[in-house]
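Results of the structural survey
For reference, the chains in residue letters:
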Amino acid sequence: MNAAFYQPVDAAVVPRFAGLSTFMRLPAVASPVGLDIALAGIPWDGGTTNRAGARHGPREMRNQSSLMRRVHHVSKVAPFSLANIADMGDVSVNPIDLQDGLARIEAGMAEIVAAGVLPLCAGGDHLTTLPVLRAVARARPVGLIHFDAHSDTNDTYFGQNPYTHGTPFRRAIEEGLLDPRRVIQIGIRGSIYDPDEHGWAREQGIRIIYMEEFVRRGSADVMAEARDVAGGQPTYVTFDIDSLDPSVAPGTGTPEIGGFTTREAQEMLRLLDGVDIVGADVVEVSPPFDVGGMTALAGATMMFELLCVMAANVGRRRATEGGA
Ligand SMILES: [Mn+2]
């Protein structure tokens, strides 16, 4: 273990229910300088079209993340030994002004990216991924591995409003933040507004794997394709908690039955090992609709899964560069 890296509070010394609530019980820091990975909250749901509440997601995911331990039980990755990781707190938001909210989120993320640090974010609704991508993909478009019940590539809502949590990936492609031929969406399902609702996405080159195809093929085959789509190039990973079945993740604004089990989702995230992840998020956890914190626990656990594959990359890069 690198003694210079931040470590979680030891649960054998201070019990998990005690102390300040931070992501994974790590120290809270004000500056990203010196970190490899920054855990950050984005408490904003100004893009939500139906049941709001994801603004409360980061605080509850911090709370439930106190259950995470130091070592991944399958890969044996010990993220806090491989990478310097801390809780950067929440980015500044504006709950009553959408454009200012997006600008503040982008500015907060840009500070992390400028320090050469990988952001792992807790949303917030799915529109929060757009300003994160504006920061992460400022220099060049990135690929996207996207777990969701919804494609989130619609055009406008309520007249001509282009910014909602149903539109972020259309906007991101229009803005040149994503290379659409390196975008894959997994788990899409549920009723749609129009028979050709996903036509625009397909025309751009986005690969959509509907839930039915996932069930036929399974995690390993689907993730082999996802890795091909990512193509060994910089890739962002976004995990909408509504990709999970509402029986295991009821605390979300737009639930769709017939979703992933938590086991299937964990299996897929583990198969991201080695993908060049330049940032990631878990979004749409809405505590007001949750039951006993189960959705926030699922969200925090998916963050830990993502953290382990990201930290393994950092560790490999550091070993290649020859020394910590
Ligand atoms: Mn979504």
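Identification of the protein as Agmatinase from Rubellimicrobium roseum is taken from an unreviewed UniProt entry. Reading the Sequence similarities (unreviewed entry) entry of the UniProt record for the protein gives the comment "Belongs to the arginase family. Agmatinase subfamily."

Secondary-structure assignment places histidine 56 in the loop between strand S1 (37–42) and helix H1 (57–64). Spatially, the C-alpha atoms of histidine 56 and glutamine 233 are 33 Å apart, while their sequence positions differ by 177 residues. The contact partners of histidine 56, leaving out residues within four places of it in the chain, are Ser286, Pro287 and Pro288.

For the rest of this paragraph, the subject is H1. Judged by how many residues are buried, H1 sits mostly within the fold: 6 of 8 residues are covered. Along H1, the positions that sit buried rather than exposed are Gly57, Pro58, Glu60, Met61, Arg62 and Gln64. On its buried side, H1 packs onto S1, strand S2 (85–90), strand S3 (118–123) and helix H10 (294–321).

Every buried residue belonging to helix H9 (residues 262–270) is among Ala265, Met268 and Leu269, and all of these are buried. Down the axis of H9, the smallest arc covering the buried residues is 100°, so these residues share one side. Summarising the contacts, the buried residues of H9 are in contact with strand S4 (142–147), helix H8 (219–230) and H10.

A few words on the packing of helix H3 (residues 98–114) against helix H4 (residues 129–136). Between H3 and H4, whose axes approach to 8 Å, the crossing angle comes to 40°. Classed by the angle they form, the pair H3 and H4 counts as oblique. The handedness of the crossing between H3 and H4 comes out as right-handed. Along the contact surface, H3 presents Leu102, Ile105, Glu106, Met109, Ala110 and Val113, while H4 presents Leu130, Pro131, Val132, Arg134, Ala135 and Val136.

Our next topic: the UniProt feature "binding site: Mn(2+) 2" (unreviewed entry) in the protein. In this numbering, the UniProt entry assigns the feature "binding site: Mn(2+) 2" (unreviewed entry) to His126. Note that histidine 126 resides in the loop between S3 and H4. Those residues within four positions of histidine 126 in sequence are excluded, and the remaining contacts are Asp152, His165, Pro168, Asp240, Val283 and Glu284.

Attention now goes to the pairing of S4. Counting buried residues along S4, 6 of its 6 residues qualify, which places the element largely inside the surrounding structure. Sheet topology note: the S4/strand S5 (residues 178–188) ladder contains 5 bridges and is parallel. When the bridges of S5 are listed, phenylalanine 147 appears paired with isoleucine 186. You can see the chain leave S4, run along helix H5 (residues 168–174) and come back into S5, and the turn it takes is right-handed.

The rules behind the values
Residues numbered from 1 in each chain as written. Predicted model: local features only at pLDDT ≥ 70, side-chain atom pairs only at ≥ 80, totals over all residues. UniProt positions renumbered as here; feature names shortened; annotations may be inferred. Helix = DSSP H or I, 4+ residues; strand = E, 2+ residues; numbered from the N terminus. Contact = placed C-beta atoms within 7 Å. Buried ≥ 20, exposed ≤ 12 C-beta atoms within 10 Å, placed from the backbone. Arc of directions from axis to C-beta. Axes fitted to C-alpha atoms, helices over the stretch in contact; angles between N-to-C directions. Parallel < 35°, antiparallel > 145°, perpendicular 65-115°, else oblique. Left-handed = near helix turned anticlockwise from the far one by under 90°. Pairing = 2+ DSSP bridges. Right-handed = clockwise from strand over helix to strand, strands pointing away.

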